[in-house]
Amino acid sequence: MKKITKKILLLILVSLIVGIVYILTYVPPLSKQNGRVEAKLYLGESKNQPLIVAFGGGGGGNDWSRNYMKGKRDSLNEKGYAVLAIGYFNSNGTPKHLDRISLNAISDTIMSIAKNSKIDESKIALIGSSKGGELVLNLASRFKHFNAVIAMSTSNVTFPAITWSGNTSSWTYNNKEVSYVPALLKTITPALKGDLYTAFSMMLEDEESVKNAEIEVENIKAAILLISGENDEQWPSTAMSNRIMERLENHNYKYYKKHIVLNGGHIEPLNQFNLVYDFLEKKLPRD
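Just so it is clear, the model here is predicted, and its values are computed rather than measured. (Residues numbered from 1 in each chain as written. Predicted model: local features only at pLDDT ≥ 70, side-chain atom pairs only at ≥ 80, totals over all residues. Heavy atoms only, no water.)

Turning our eyes to something else, we now look at the packing of helix α3 (residues 103-113) against helix α4 (residues 131-140). Interhelical geometry of α3 versus α4 gives an angle of 80° and a closest axis separation of 10 Å. The angle between α3 and α4 falls in the class roughly perpendicular. Taken together, the residues of α4 that come into contact with α3 (itself represented by L103, I106 and S107) are L135, N138 and L139. Here the residues of the contact of α3 with α4 sort into four nonpolar, two polar and no charged. (Axes fitted to C-alpha atoms, helices over the stretch in contact; angles between N-to-C directions. Helix = DSSP H or I, 4+ residues; strand = E, 2+ residues; numbered from the N terminus. Parallel < 35°, antiparallel > 145°, perpendicular 65-115°, else oblique. Contact = heavy atoms within 4.5 Å. Nonpolar A, V, L, I, M, F, W, Y, C, P; charged D, E, K, R; others polar.)

Rendered as structure tokens:
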């Protein structure tokens with residue numbers, strides 16, 4: 001009886017090890033929709049409208065095309081800006097998951113739409129919140145045709161794809177995965193409990209991976225506005241935004257840069273959108 005029990009325990013242990021190895025090494029197939037984004041353009045009435053390219057976060061879909069963002073879209077149109085809402089995953093015709101999203105495809109889409117006769121393609125701003133903030137910083141650090149960057153509740157590093165295995169990057173550039181901070185095994189427990197703040201904080205403890213995955217924001221050639229909530233419950237966006245500012249300082253960044261810390265949580269920057277309007281009026285003025 002003892003021998004049978006030992007065999008069963010051994011089988012269970014082997015199964016657990018095999019399962020863990022599988023989870024840690026499994027790479028999902030690339031989506032057939034990879035390289036496709038959903039883009040919806042909202043134009044005002046004026047000519048030579050600067051273009052505001054807007055991205056949502058890790059929830060997916062095309063956030064800026066939804067009704068709850070209509071007020072902000074309309075306000076930007078009234079102020080003389082065109083708004084391009086982009087869905088990059090879990091949106092119409094796009095990959096289902098945030099997994100190895102092509103930065104090249106997003107940039108190409110933006111620049112194609114910017115040729116619209118009502119748009120001033122020499123004035124393009126990127127705006128993104130949360131995972132969308134991580135996205136706009138990655139975009140602007142690699143493509144030089146953006147003139148202003150607004151990252152709200154953002155990270156300073158690239159985190160893994162939002163898949164059950166988390167073994168790939170969120171982004172690709174020139175068909176290669178962007179370096180990312182891996183999701184360590186110990187992050188599974190807080191993640192399953194819904195404690196994302198702890199999970200992300202644990203990932204950031206891996207100093208070598210963080211160094212390797214840090215977004216090279218010093219390569220951006222545009223004015224930068226960071227906005228974070230000091231009580232962010234999703235991830236440590238204020239600390240990560242501070243790290244962005246430190247990196248810019250260390251590289252003698254010559255363009256405008258500012259980090260505004262708000263008394264609030266993860267979505268607080270969207271509640272104080274007047275800060276965005278002020279920034280755009282100063283750094284991306286209409287003719």
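After presenting the structure, the write-up continues.
The next thing to look at is unusual backbone geometry. Positioned with a positive phi, S130 is a non-glycine residue whose angle comes to about 60°. Within the secondary structure layout, S130 lies in the loop between β5 (119-129) and α4.

The next subject is the sheet that holds strand β4 (residues 101-102). Within a beta sheet, neighbouring strands are joined by backbone hydrogen bonds and run either parallel or antiparallel to one another. Strands sit in the order β4-β7-β8 across an open sheet of three strands; the sheet is mixed. What marks the edges here is a single partner per strand, and that holds for β4 and β8 (176-177). (Pairing = 2+ DSSP bridges.)

Moving on, we come to the pattern of salt bridges. Counting across every chain of the model gives 14 salt bridges. Between K123 and D287 there is a salt bridge, with the nearest N and O atoms lying 3.0 Å from each other. Here K123 is found in strand β5, whereas its partner D287 is found in the segment after α10 (274-283), with 164 residues between them in sequence. A salt bridge links E205 to K186, with the nearest nitrogen and oxygen atoms 2.9 Å apart. You can see E205 sitting in the loop between α6 (196-203) and α7 (207-213) and its partner K186 sitting in the loop between β8 and α5 (188-192), a full 19 residues away along the chain. Connected via shared salt-bridge partners are E214, E218, R243, E246 and R247. (Salt bridge = Lys/Arg side-chain N within 4 Å of Asp/Glu carboxyl O.)

Don't take any of this as a statement about function, it's just geometry.
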